Amino acid sequence: MSARDFVEKDYYKALGVPKDAPAADVKKAYRKLAKNLHPDTNPGSEDRFKEVSEAYDVLSDTTKRKEYDEARLLFGKGGAGRFAGAPSGFDVNDLFGGGSGGLGDVFGGLFGGRGRPAGPRRGGDLETDVTLSFVDAVRGAAVPLHLSMSGACETCHGNGAAPGTVPKACGVCGGAGTTSHNQGSFALAEPCRACRGTGRIIETPCPGCRGTGATTKDRTLTVRIPAGVDEGSLVRLTGRGTAGERGGPAGDLLVRVHVTPHRFFGRRGDDLTITVPVTFPEVALGAQIEVPTLDRPVLLKVPAGTSSGRTFRVRGRGVVRPKGTGHLLVTVDVAVPASLSKDAKAALEAYAAEQPGDPRAHLMEVSR
């Protein structure tokens, strides 16, 4: 997390809590927001989820929260405007330069001290797409993913130094990763040029990764996609992203799911839908008809006098979830034959002659 984030971002606003909120209220607000914004259950909320998580990471840590409050008090709300008491023409953004350190870079530089030593850094997240059949999306599936991704170098185990050697602390910055220089009445910090801000010097780089500590390889991961994912769902696989730096944890792998439509079935949340053709005698007289499901056919009772377009519910034949199972919604649709035999036509004409009343009579009242 950069020092600019500490000054410019309003973490209290992100969580919806006042600046004097106790730790318990901060935790409660985070849990509520994280539950509603989690990408697995609310696709499209990834940015807001990250914002809330970042805010909680700072405000739930006593030390980080104190530093954050001090930084915002020192530089003004949101980091906008100028440093209180600074010379004319001095902008607070000048403090950040091109560096990427934390608050130690800012305060250490301002008051003549050294920044904090460069520590472990989390790896970046990776994103990929996968296409599932309708059935696999409903039931869940193990899917092989072919990725080109970075991982810890197997030769140096991620430290960047050749076997038999180890990185040394930078002699210029003392391992801090930053150096300071005077600018008027201030001492400003910037990334150390000798070690490029890492705080380490690798005298003999690893031949496998050329000192970076990571290599890029083509890898195949077998990923379990949970049952019930829908088009656009985002599945997060913790620790399957880019390898971390200097012993830091790996990032996450974000898998965006696409679903191939089914010929007959559709979805409405955790319920499956299907339209089943029926004959006029079946809906007029009543019948038991066979209806397909994703597992095996079931019998559905159609009561006498059922209208075309009526929907029936077959319980427990939808998406299976840990907390409950959806249903199958069956809509009946009267199938009208394209042609009739001579006997069938005569039978229908006889039925029409015997059937009293006009089903559209109530509509004609509008025009009278």
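Shown above is the structure to which this text applies.
Small disclaimer: the values here were computed from a predicted structure and weren't measured. (Residues numbered from 1 in each chain as written. Predicted model: local features only at pLDDT ≥ 70, side-chain atom pairs only at ≥ 80, totals over all residues. Heavy atoms only, no water.)

**Focus on helix H4 (residues 46-59)**
- Between its first and last C-alpha atoms H4 spans 20 Å; for 14 residues at 1.5 Å apiece the expected length is 20 Å, and the two agree.
- Of the residues making up H4, those classed as buried are Glu 46, Phe 49, Val 52, Ala 55, Tyr 56, Val 58 and Leu 59. (Helix = DSSP H or I, 4+ residues; strand = E, 2+ residues; numbered from the N terminus. Expected span 1.5 Å × (residues − 1). Buried < 20%, exposed > 50% of the residue type's maximum accessible area, 1.4 Å probe, protein only.)

**Considering the side chain of His 327**
- The topology assignment puts His 327 in the loop between strand E16 (324-325) and strand E17 (328-334).
- Excluding residues that lie within four positions of it along the chain, His 327 makes contacts with Asp 270, Asp 271, Leu 272, Arg 313, Val 314, Arg 315, Gly 316, Arg 317 and Gly 318. (Contact = heavy atoms within 4.5 Å.)

**Re the environment of Ala 137**
- Topologically, Ala 137 is positioned in helix H7 (residues 134-139).
- When its relative accessible area of 1% is taken as the criterion, Ala 137 is described as buried.
- Expressed as a C-alpha distance, the spacing of Ala 137 and Pro 226, which sit 89 residues apart in the sequence, is 7.9 Å.
- Setting aside residues no more than four positions away along its own chain, Ala 137 makes contact with Leu 132, Pro 226, Ala 227, Gly 228, Val 229 and Val 259.

**Focus on a nonpolar patch on the surface**
- Together, Phe 280, Leu 340, Leu 348 and Tyr 351 give the surface a local cluster of nonpolar side chains, amounting to about 380 Å² of exposed area.
- Tracing the sequence through the fold places Leu 340 in the loop between E17 and helix H9 (342-354). (Patch = residues over 30% accessible without salt bridge, like charges linked within 9 Å, V, L, I, M, F, W, Y side chains within 5 Å. Areas by Shrake-Rupley, 256 points an atom, 1.4 Å probe, with all protein chains shown as cover. Salt bridge = Lys/Arg side-chain N within 4 Å of Asp/Glu carboxyl O.)

**Things to note about the sheet that holds strand E9 (residues 253-259)**
- Spatially, the three strands line up as an open sheet ordered E1-E9-E8, and their pairing is mixed. Unpaired on one side and paired on the other, strand E1 (126-132) and strand E8 (234-237) mark the two borders of the sheet. Each strand of the sheet is rotated relative to its neighbour by a mean of 25 degrees, with strand direction disregarded.
- Taken together, the four bridges between E8 and E9 define a ladder with antiparallel strand orientation. The residue of E9 that forms the bridge with Arg 236 is Leu 254. (Pairing = 2+ DSSP bridges. Axes fitted to C-alpha atoms, helices over the stretch in contact; angles between N-to-C directions.)

**Looking at the pairing of strand E13 (residues 298-302)**
- Going residue by residue along E13, you find Val 298, Leu 300 and Val 302 tucked away on one face and Leu 299 and Lys 301 left uncovered on the opposite face.
- In this structure, the hairpin formed by strand E12 (residues 287-291) and E13 is closed by a connection of six residues.

**Comments concerning the sheet that holds strand E10 (residues 266-268)**
- With mixed pairing, four strands are arranged side by side in an open sheet as E10-E11-E17-E14. The open sheet is flanked by E10 and strand E14 (311-314), the only strands paired with a single partner. Across this sheet, the average inter-strand angle for adjacent strands is 35 degrees, counted without regard to direction.
- Where E10 lies against strand E11 (residues 271-278), three bridges are found, and the strand directions are antiparallel. Residue pairing across strands places Arg 267 opposite Leu 272, the latter belonging to E11.

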